[in-house]
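# Chain and residue survey
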Amino acid sequence: MGDSESLSEATSGAIGSLLSTTILYPLDTCKTKYQAEVRAHGQRRYRHLSDVLWETISNGQFLSLYQGLGTKNLQSFISQFVYFYGYSYFKRLYLEKSGSKKIGTKANLLVAAAAGACTAIATQPLDTASSRMQTSAFGKSKGLWDTLTEGDWSNAFDGLGISLLLTSNPAIQYTVFDQLKLKFLKGNQASLSAFTAFLLGALSKSIATCLTYPAIRCKVMIQAAEADENNHNDDDDAEKKKKAKRKASKTLSGVVFAIWRKEGVTGFFKGLHAQILKTVLSSALLLMIKEKIAATTWVVLLAIRRSLLAQNGRLKSA
């Protein structure tokens, strides 16, 4: 029964993620391209997030905002499935081992972090590939296999360390939410209204995003596609130096130094408003869709399980 519950949670969460990712994908592409750009020689291509959108419209390439959607959906589906399954499994395991009926806040945060770490490791290559596709020049995005096989396989795990660090984001969100909830429930009120819960959820997610945003932007820059090189006549030594320079720029220290030197402290928060908008909308859509289909998913899985058990019973009797 426990496995069916975990599977139901994982399936409904994955489907909800798939739909919310597709709906918000143009915004996500604009956000990612905007975050990946670093000011060069005092100039930048995108001064505002809307500049990315206007570029596609003026060039008749609006559909390019969907480049990499298949990979993003695959990554989103698998990551949410792994996360919700892992979270439900670890939570059930904790309750069984501890003998408790409820899980405390600290234990819940540890369970969420463990599920997040498993998710990050399992889906990092797809996460890297989708970021490269989104940040490629419009209309020039490569397929999934070609993107993954650029360079060596270690490149597919670019940003894994930051991804593991960012598993603290939900922990911060839940901690802030619980503190805000306690302040609102100081009176005789037993529980939060749906609207208040949504507002506190959005606020806590925004605070968590603000605190972890420098890491988020560094991760995008590490995973971003490399700019096309127009000059292919360099000698071997020059080419080796360029490769070494590009490799250094893909490290955390290299990205931090580039942002600090070219954009200053404010550069670490470039695109923060877009990240909050996308994250809050995505979380709201995901939870809304997940709750709507969770009951249906449970009924379908239960029916499939009963059908399989009945079939096995007939085979044994035969």
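The text that follows walks through the structure, step by step, so that each part is easy to find. This structure is a prediction, so every number in the text was calculated from the model and none was measured.

## What about the overall build of the protein chain?
What the protein chain contains, in helices and strands, is 12 helices and zero strands. When the helices and strands of the protein chain are read in sequence order from the N terminus, they spell out α-α-α-α-α-α-α-α-α-α-α-α. Looking at the protein chain as a whole, 41% of its 318 residues are labelled buried. Intrachain contacts of the protein chain at a sequence separation of at least 6 include 79% that bridge at least 24 residues. For the protein chain, the accessible area works out to roughly 18,100 Å², and carbon and sulfur atoms hold 62% of it.

## Some words on the pattern of salt bridges
Opposite charge on two side chains allows them to pair when their charged atoms are near. Scanning all chains against the criterion turns up nine salt bridges. The shortest N-O distance in the salt bridge between Asp-28 and Lys-31 comes to 3.6 Å. Of this pair, Asp-28 and Lys-31 both sit in helix α2 (residues 25-36), three residues apart, which is roughly one turn of that helix. Judged by relative accessible area, which is 5%, Asp-28 ranks as buried. Residue Arg-92 is joined to Glu-96 by a salt bridge in which the shortest nitrogen-to-oxygen separation is 3.8 Å. Of this pair, Arg-92 and Glu-96 both sit in helix α4 (residues 69-98), four residues apart, which is roughly one turn of the helix. With relative accessibility at 22%, the residue Arg-92 sits in the partly exposed group. The exposure class of Glu-96 is exposed, given its relative accessible area of 54%. Salt bridges sharing common partners tie together Asp-28, Lys-31, Lys-72 and Lys-278.

## Notes on the environment of Ile-172
The topology assignment puts Ile-172 in helix α8 (residues 168-184). In this structure Ile-172 comes out as partly exposed when scored by relative accessible area, which is 24%. Separated by 33 residues in the primary sequence, Ile-172 and Lys-205 place their C-alpha atoms 8.2 Å from one another.

## As for the side chain of Asp-127
Mapped onto the elements of the fold, Asp-127 is located in helix α5 (residues 105-135). The buried category is assigned to Asp-127, whose relative accessible area is 9%. Of note is the side chain of Asp-127, whose polar atom sits 3.4 Å from the side chain of Gln-223. Those residues in contact with Asp-127, other than ones at most four positions away along the chain, are Lys-72, Gln-75, Ser-163, Lys-219 and Gln-223.

## What about the nonpolar core?
In terms of nonpolar packing, the biggest core is built from 13 residues, with Ile-162, Leu-166, Cys-218, Met-221, Val-255 and Ile-259 touching the most fellow members. Elements represented by at least two residues in this core include exactly α9 (194-223) and α11 (252-263). For this core, the leading source of residues is α9, giving six residues. In this structure Ile-259 touches Arg-217, Cys-218, Met-221, Gly-264, Gly-267 and Phe-268, once residues within four positions along its chain are discounted. Residues Leu-27, Leu-49, Phe-138 and Ala-274 belong to the second largest nonpolar core, which totals nine residues.

## Some thoughts on helix α3 (residues 49-58)
The complete set of buried residues in α3 reads Leu-49, Val-52, Glu-55 and Thr-56. Down the axis of α3, the smallest arc covering the buried residues is 125°, so these residues share one side. Of the exposed residues in α3, the ones pointing more than 90 degrees away from its buried face are Trp-54 and Ser-58. Just past α3, the residue Gly-60 takes up positive phi, approximately 65°.

## Here's the deal with the packing of α4 against α5
Their axes nearest at 8 Å, the elements α4 and α5 cross at an angle of 170°. With respect to each other, α4 and α5 are oriented roughly antiparallel. When the residues that make up the contact of α4 with α5 are grouped by side-chain class, the tally is 16 nonpolar, 10 polar and three charged.

The rules we used
Residues numbered from 1 in each chain as written. Predicted model: local features only at pLDDT ≥ 70, side-chain atom pairs only at ≥ 80, totals over all residues. Heavy atoms only, no water. Helix = DSSP H or I, 4+ residues; strand = E, 2+ residues; numbered from the N terminus. Buried < 20%, exposed > 50% of the residue type's maximum accessible area, 1.4 Å probe, protein only. Contact = heavy atoms within 4.5 Å. Areas by Shrake-Rupley, 256 points an atom, 1.4 Å probe, with all protein chains shown as cover. Salt bridge = Lys/Arg side-chain N within 4 Å of Asp/Glu carboxyl O. Polar contact = N/O pair within 3.5 Å; in protein donor to acceptor, adjacent residues only side chain to side chain. Core = buried A, V, L, I, M, F, W, Y, C linked by side-chain atoms within 4.5 Å. Arc of directions from axis to C-beta. Axes fitted to C-alpha atoms, helices over the stretch in contact; angles between N-to-C directions. Parallel < 35°, antiparallel > 145°, perpendicular 65-115°, else oblique. Nonpolar A, V, L, I, M, F, W, Y, C, P; charged D, E, K, R; others polar.

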